[in-house]
Amino acid sequence: MFPNPNRMFKSLLHLFFPAVCAGCKTVLMANENVICTVCRHEIPLTQQHLNPVNEAFKKFYGRIPVEHVSALLYFHKKGIVQELIHCLKYRGQEDIGTVLGEWYADELKNNSILQTVDAIIPVPLHPRKLKERGYNQVTEFGNALSKSLHIPVNTTILFRQLYSKTQSQKNRLGRTEGIDTVFDVSFSKKDHNQHFLLIDDVITTGATLEVCAKALLKIPGAKISMVCMAVAES
Ligand SMILES: [Zn+2]
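Residues numbered from 1 in each chain as written. Predicted model: local features only at pLDDT ≥ 70, side-chain atom pairs only at ≥ 80, totals over all residues. Heavy atoms only, no water.

Caption draft 1: Expanded view of the confidence of the model for the protein chain. With 88% of its residues at a pLDDT of 70 or more, the protein chain shows a mean pLDDT of 89. Note that residues 164-180 has pLDDT below 50 and, in this model, 16 contacts with residues that lie over four places away or in other chains. (pLDDT = per-residue confidence, 0-100. Contact = heavy atoms within 4.5 Å.)

Caption draft 2: Up close: the coordination of the zinc ion. Taken together, the protein ligands of the zinc ion are Cys 21 (SG), Cys 24 (SG), Cys 36 (SG) and Cys 39 (SG), with distances of 2.3 Å. What makes Cys 39 buried here is its relative accessible area of 2%. (Donors = N, O, S within 2.8 Å, 3.2 Å for Na, K, Ca; no water. Buried < 20%, exposed > 50% of the residue type's maximum accessible area, 1.4 Å probe, protein only.)

Caption draft 3: Seen up close, the pairing of strand 5 (residues 195-203). Extensive coverage of strand 5 is indicated by the burial of nine of its nine residues. Relative to strand 5, strand 2 (residues 119-122) runs parallel, the two being bridged by four bridges. When the sheet's bridge partners are listed, Ile 120 is paired in strand 5 with Leu 197. Crossover strand 5 to strand 6 (residues 223-232) through helix 10 (residues 207-216) is right-handed. (Helix = DSSP H or I, 4+ residues; strand = E, 2+ residues; numbered from the N terminus. Pairing = 2+ DSSP bridges. Right-handed = clockwise from strand over helix to strand, strands pointing away.)

Caption draft 4: Summary view of a nonpolar patch on the surface. A grouping of Leu 12, Phe 16 and Phe 17 is seen on the molecular surface, where their side chains present a nonpolar patch of about 390 Å² in accessible area. Structurally, Phe 16 is set in helix 1 (residues 5-16). (Patch = residues over 30% accessible without salt bridge, like charges linked within 9 Å, V, L, I, M, F, W, Y side chains within 5 Å. Areas by Shrake-Rupley, 256 points an atom, 1.4 Å probe, with all protein chains shown as cover. Salt bridge = Lys/Arg side-chain N within 4 Å of Asp/Glu carboxyl O.)

Caption draft 5: Inspection of the environment of Ala 19 at higher detail. Inspection of the secondary structure assignment puts Ala 19 in the loop between helix 1 and helix 2 (37-42). Assessed through its relative accessible area of 33%, Ala 19 is described here as partly exposed. Residues Ala 19 and Glu 32, 13 residues apart in the sequence, show an inter-C-alpha distance of 9.5 Å.

Caption draft 6: Seen up close, helix 10. Burial analysis of helix 10 places eight of its 10 residues in the buried class, the great majority of the element. Restricting attention to buried positions, one finds in helix 10 the residues Ala 207, Leu 209, Glu 210, Val 211, Cys 212, Ala 213, Ala 215 and Leu 216.

Caption draft 7: Expanded view of the environment of Asn 33. By the element assignment, Asn 33 lies in the loop between helix 1 and helix 2. The class of Asn 33 is partly exposed, set by a relative accessible area of 46%. Along the primary structure Asn 33 and Ala 22 are separated by 11 residues, whereas in three dimensions their C-alpha atoms are 9.5 Å apart. Setting aside residues no more than four positions away along its own chain, Asn 33 makes contact with Leu 28, Arg 40 and Val 99.

Caption draft 8: Molecular detail of the pattern of salt bridges. Scanning all chains against the criterion turns up eight salt bridges. For Glu 210, the salt bridge is made with Arg 63, and the minimal N-O distance between the two is 2.7 Å. Of this pair, Glu 210 sits in helix 10 while Arg 63 sits in the loop between helix 3 (55-58) and strand 1 (68-75), and the two are 147 residues apart along the sequence. Glu 210 sits in the buried class, given a relative accessible area of 8%. Glu 83 is paired through a salt bridge with Arg 91; the nearest N and O atoms lie 3.4 Å apart.

Caption draft 9: Molecular detail of the sheet that holds strand 5. If you trace the four strands from one edge of the open sheet to the other, you get 1-6-5-2, paired in parallel fashion. One side of each edge strand has no neighbouring strand; the edge strands of this open sheet are strand 1 and strand 2. Direction aside, neighbouring strands of the sheet carry axes that sit 20° apart on average. The pairing of strand 5 with strand 6 spans eight bridges and is parallel. Paired with Ile 199 across the bridge in strand 6 is Val 227. Packed on one face of the sheet, helix 10 meets strand 2, strand 5 and strand 6 and runs near 165° to strand 5. (Axes fitted to C-alpha atoms, helices over the stretch in contact; angles between N-to-C directions.)

The structure is reproduced here in structure tokens:
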């Protein structure tokens, strides 16, 4: 057997720059990936996917029709999850999205509502932010879900408008009205009657997801579900 050069390089790199846990910063063991075993056990799981009428789902009551809403983790200020999301968004650790996506896909694979999903739609990042950050923090989460659940990702159907005069005018009156105008859809007849799975990092008020869903609901026969990495406990 020939040694795998990739693996050899990784081992060497690991020797000089040991990988640390994205949650607690302790050095990872050889069998650990991105998040250490202790953090994986301590991380607060919501188990929302087991309860169709969970608190994330209820956030959208009376706002928009949704089929399924759930998040993998609870987001607490100064907790492990906040650290993970911070590293994912601001320190270039895109692999956190992959790990969380693989983890959640494993939990969601037997969910009967999600088995009817036709496309995964990441919440688009503002083009200016995308340029600054270089990546959308939801991309790898979506790719991991897509690979495990065998559902394609669609990044063209929902988009953010570059400039919105209306937004700045409306901001003084109310933020929700403002963001309403920023997202739009581009679709053809083949996109009718589809079940879209919107994905994002953290659900707080749900305002962004709501406006994204409203845009997607312009497509005839559209159904919406949402899956996020975390939800802020209210
Ligand atoms: Zn850890």
